[in-house]
Amino acid sequence: MNLRALGLAALGAAAIATAVPVSAADTQYIPGLMYRSGPYAPNGVPFANGFQDYYKMINATGGINGVMIEYEECDTAYNNDRGVECYERLKRPDAAAIAPLSTGITYALIERATADKIPLLSMGYGRTAGSDGTVFPYVFTLPATYWSGADIIVNYIAEKEGGYEALNGKKIALVYHDSAYGKEPIGTLEALSKKHGFDLSLFPVAHPGLEQKATWLQIGRQVRPDWTMMWGWGVMNSTAIKEAAAVGYPMDRFVGIWWSGSEQDVTPAGAQANNYKSLNFHGTGVDYPAIQDVLTKVHDAGNGTGPREEVGTVLYNRGIMNAAIIVEAIRTAQEIHGKKPLMGEQVRDGFEALNIDNARLEAMGLAGFMEPIQITCADHEGTGRAFVQQWNGTEWKPVSDWVEPNRAGLLRPMIEEAAAQYAAEKGITPRSCS
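In this text the structure is predicted, and so the values were computed from the model without any measurement.

Colleague: Can you help me understand the overall build of the protein in this one?
Modeller: A count of helices and strands for the protein gives 14 helices and 14 strands. Against the compact-globule benchmark of 22 Å for 434 residues, the protein has a radius of gyration of 21 Å, which places it among compact chains. A buried classification covers 59% of the 434 residues belonging to the protein. The long-range share in the protein, meaning contacts at least 24 apart out of those at least 6 apart in sequence, stands at 71%. Accessible surface for the protein amounts to roughly 15,400 Å². Of this, 49% is attributable to carbon and sulfur atoms.

Written out as structure tokens, the structure is:
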């Protein structure tokens, strides 16, 4: 069992090694930058538990083509400086991938991880321009970015209003975490407001998000938007839902990004949260063979990282999906470089050749859990699709089909322009992906 992260005690951060004892010489190393402390811990913990439990399940079923996983975790407390410290402590040439679970930490690590040749998986968060693999060869944003999320919500609103032409003159508000995370969709929404003629109002919320009364009084009594979006995290989400209910804002016109749509976000508000909506890009519940394996081979074996009852919840399952993508990137890289422990640079090749089709999802035990994903050298996002879910007071239920963002006509040109600007600022020569 790897105990090297115990040195992080000086940072006040926690390290957790896999509960499956393995020989480091025969293992694939995967570090985890999670947060089990701080104001966002209630949301960070279930994700971290799902992330780790999936690796335990893979080890319990023979590893990745016989290669066992060596997992090591560091608690960042959702703090950018601590995130960098954790990365520097845990990085190794044989690190398969880094998952920062924070847009701010992702921004801080892009140059470091690229220099160290360690893939950076910012699954559904981070720097959207990182989707351009010609400029960001070690950044992977699959399955969707915040720009795709913003476009999907506007697409959904347009459908409910009767078409894009019906958006002209409508009022749409964005309540957002006043950080790199919350600001990420603003440029896309501004472009969409010009294109479709809706009025966009922006409402930043200071960390951690407990003070929102004045914001919602302005929204509910002055601006009175037809629809409101939310880019929130942690306690900000449940606080926003409570304050929205206090001013009588209709929950069925309140739509959050996928990080604003978990059980932790709605249950504190009780019945006030009923009919609130958010995006999602994976299944909930436990009716998938892989998650059944987690229950039987990990939790029933007394090796679960957290409580059994959280298995199947939104954020736990998102941790499962995140880990599953990393495992499949390693598996794909093994087809290129051999069925053995690999270096980060080799796993990067696996990410860029990733093709999780329906047949592979079936083999993984995750059929119907998520969309097929295909990544290329140039495109590190994939389809960018998501669906809208709604809280009914007991569980999340899908209320839309998979929604397609306008990647070719709007988002990809914006991504390439932003990536080119970054390349110019950093003196990077984009690589050829022909």
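Next, the rest of the story.
Colleague: What is the right way to look at the sheet that holds strand 13 (residues 387–391) in this model?
Modeller: Two modes of strand pairing occur in sheets, parallel and antiparallel, and in both the strands are linked by backbone hydrogen bonds. Read across the sheet, 7 strands follow the order 7-6-8-9-10-13-14 without closing on themselves; strand pairing throughout is mixed. Of all the strands in the sheet, the pair left with one neighbour each is strand 7 (199–205) and strand 14 (396–398). Recorded for the sheet is a direction-independent mean angle of 30° between the axes of neighbouring strands. Sheet topology note: the strand 6 (residues 171–177)/strand 8 (residues 227–231) ladder contains 5 bridges and is parallel.

Colleague: How should I be thinking about the nonpolar core in this particular structure?
Modeller: The tendency in soluble globular proteins is for nonpolar side chains to be buried side by side. Membership of the largest hydrophobic core comes to 90 residues, with the highest contact counts inside it found for Trp231 and Trp259. For this core, the element with the most residues is helix 11 (residues 314–337), which contributes 12 residues.

Colleague: Would you explain the pairing of strand 2 (residues 27–34) in this entry?
Modeller: Each regular strand carries side chains that alternate between the two faces of the sheet. Summarising burial for strand 2: 8 of the 8 residues are buried, a large majority. Alternating residues of strand 2 divide into Thr27, Tyr29, Pro31 and Leu33 and Gln28, Ile30, Gly32 and Met34, and every residue in both groups is buried. Of the crossover connections in this fold, the one passing from strand 2 over helix 1 (residues 41–60) to the parallel strand 3 (residues 68–75) is right-handed.

Colleague: Explain the environment of valine 139 here, please?
Modeller: Along the chain, the position of valine 139 falls in strand 5 (residues 139–140). Its relative accessible area of 1% is what places valine 139 among the buried residues. Along the sequence, valine 139 and alanine 271 sit 132 residues apart, while their C-alpha atoms lie 40 Å from each other.

Colleague: Looking at this structure, I do not really get the state of the cysteines. What am I missing?
Modeller: Linking two cysteines covalently through their sulfur atoms gives a disulfide. Inspection of every chain in the model, using the stated rule, returns 2 disulfides. Cysteine 74 shares a disulfide with cysteine 86; S-S distance 1.9 Å. Handedness of the cysteine 74-cysteine 86 disulfide follows from its S-S torsion of about -55°: it is left-handed. Here cysteine 86 lies in helix 2 (residues 80–90) and cysteine 74 lies in strand 3, a separation of 12 residues in the sequence. Accessibility assignment for this pair places cysteine 74 and cysteine 86 in one class, buried. Between the sulfur atoms of cysteine 377 and its disulfide partner cysteine 433 the distance amounts to 1.9 Å.

Colleague: Looking at this structure, I do not really get unusual backbone geometry. What am I missing?
Modeller: Peptide bonds are trans in most cases, and residues, glycine excluded, mostly fall at negative phi. Each neighbour pair has its own omega, and for leucine 142 with proline 143 the value is 5°, a cis peptide bond. The topology assignment puts proline 143 in the loop between strand 5 and helix 4 (146–161). Here the residue pair histidine 207 and proline 208 is connected by a cis peptide bond, since its omega of 0° sits within 30 degrees of zero. Examined against the element boundaries, proline 208 turns out to sit in the loop between strand 7 and helix 7 (213–223). Located in the positive-phi region is alanine 77, a residue other than glycine, with phi close to 55°. Its identity as a non-glycine residue notwithstanding, arginine 224 has a phi of 50°, on the positive side. For arginine 224, the position within the fold is in the loop between helix 7 and strand 8. Taking the relative accessible area as the measure of exposure, arginine 224 reaches 58% and is therefore exposed.

Colleague: Sorry, what's going on with the packing of aromatic side chains here?
Modeller: How two aromatic rings sit relative to each other is given by the distance of their centres and the angle of their planes. Summed over the entire model, instances satisfying the criterion amount to 24 aromatic pairs. When the centroid spacing of 4.6 Å and the interplanar angle of 35° are considered together, the rings of phenylalanine 136 and tyrosine 422 count as tilted. Here tyrosine 422 lies in helix 14 (residues 407–426) and phenylalanine 136 lies in the loop between strand 4 (120–121) and strand 5, a separation of 286 residues in the sequence. Among the residues examined, phenylalanine 136 registers a relative accessible area of 1% and is labelled buried. For tyrosine 422, a relative accessible area of 6% corresponds to the buried category. Between the aromatic rings of tyrosine 276 and tryptophan 396, the centroid separation amounts to 6.2 Å while the plane-to-plane angle is 65°, which identifies the pairing as edge-to-face. One end of the pair, tyrosine 276, is in the loop between helix 9 (263–266) and strand 10 (277–280); the other, tryptophan 396, is in strand 14, and 120 residues separate them in sequence.

Colleague: Any chance you could explain helix 2 here in plain terms?
Modeller: The α-helix advances 3.6 residues per turn, and as a result positions three or four apart in sequence lie on the same side. Burial in helix 2 covers these residues: Arg82, Gly83, Val84, Cys86, Tyr87 and Leu90. For helix 2, the N-terminal cap is asparagine 79; the gap from its side-chain oxygen to the backbone nitrogen of aspartate 81 is 3.0 Å.

Colleague: Explanation requested: helix 14 in the structure shown.
Modeller: Along helix 14, the residues that are buried comprise Arg407, Leu410, Leu411, Arg412, Ile415, Ala419, Tyr422 and Ala423. If you follow the buried residues of helix 14, they end up packed against helix 3 (103–116), helix 4 and helix 6 (186–196). Of the residues flanking the start of helix 14, the one acting as N-cap is asparagine 406, its side-chain oxygen 3.0 Å from the backbone nitrogen of glycine 409.

Colleague: Help me understand the side chain of glutamate 72, please; the structure alone is not making it clear to me.
Modeller: Position of glutamate 72 among the secondary structure elements: in strand 3. With a relative accessible area of 1%, glutamate 72 lands in the buried category. A distance of 3.5 Å separates a polar atom in the side chain of glutamate 72 from a polar atom in the side chain of tyrosine 29.

Rules of the game
- Along each chain, residue indices are assigned from 1 in the same order as the chain's sequence is written.
- Local features in this predicted model are restricted to residues of pLDDT 70 or higher, and side-chain atom pairs are both shown and tallied only at a pLDDT of 80 or more, whereas totals for entire chains, interfaces and linings draw on every residue.
- Hydrogens and water molecules were not included; the side-chain quantities draw on all heavy atoms of the structure.
- Here a strand is any run of E in DSSP of at least two residues, a helix any run of H or I of at least four, and the numbering for each starts at the N terminus.
- Taken over C-alpha atoms, the radius of gyration is set against a globule rule of 2.2 Å times the number of residues to the power 0.38.
- Between buried and exposed lies partly exposed: a residue is buried under 20% and exposed over 50% of the maximum accessible area for its type, with that area taken using a 1.4 Å probe on protein chains only.
- Throughout, a contact is declared for two residues whenever any of their heavy atoms are within 4.5 Å.
- Methods summary: accessible areas were calculated by the Shrake-Rupley approach with a probe of 1.4 Å, and residue burial reflects only the protein chains presented.
- The pairing criterion is simple: DSSP has to find at least two bridges between the two strands.
- Every axis in this analysis is a line fitted to C-alpha atoms, fitted for helices over the stretch in contact. Angles between the N-to-C directions lie between 0 and 180 degrees.
- Working definition of a nonpolar core: buried Ala, Val, Leu, Ile, Met, Phe, Trp, Tyr and Cys residues. They are joined through side-chain atoms within 4.5 Å.
- With its strands directed away from the observer, a crossover is right-handed exactly when the path from the first strand over the helix to the second travels clockwise.
- Sulfur atoms of two cysteines make up a disulfide when they are within 2.5 Å.
- Within 6.5 Å between ring centres, the rings of Phe, Tyr and Trp (the latter by its six-membered ring) count as paired, and their orientation is classed by plane angle as stacked under 30 degrees, edge-to-face over 60, tilted in between.
- Polar contact criterion, stated in full: a pair of N or O atoms within 3.5 Å, where within protein one must be able to donate a hydrogen and the other to accept it, and residues adjacent in sequence count only if both atoms are side-chain atoms.

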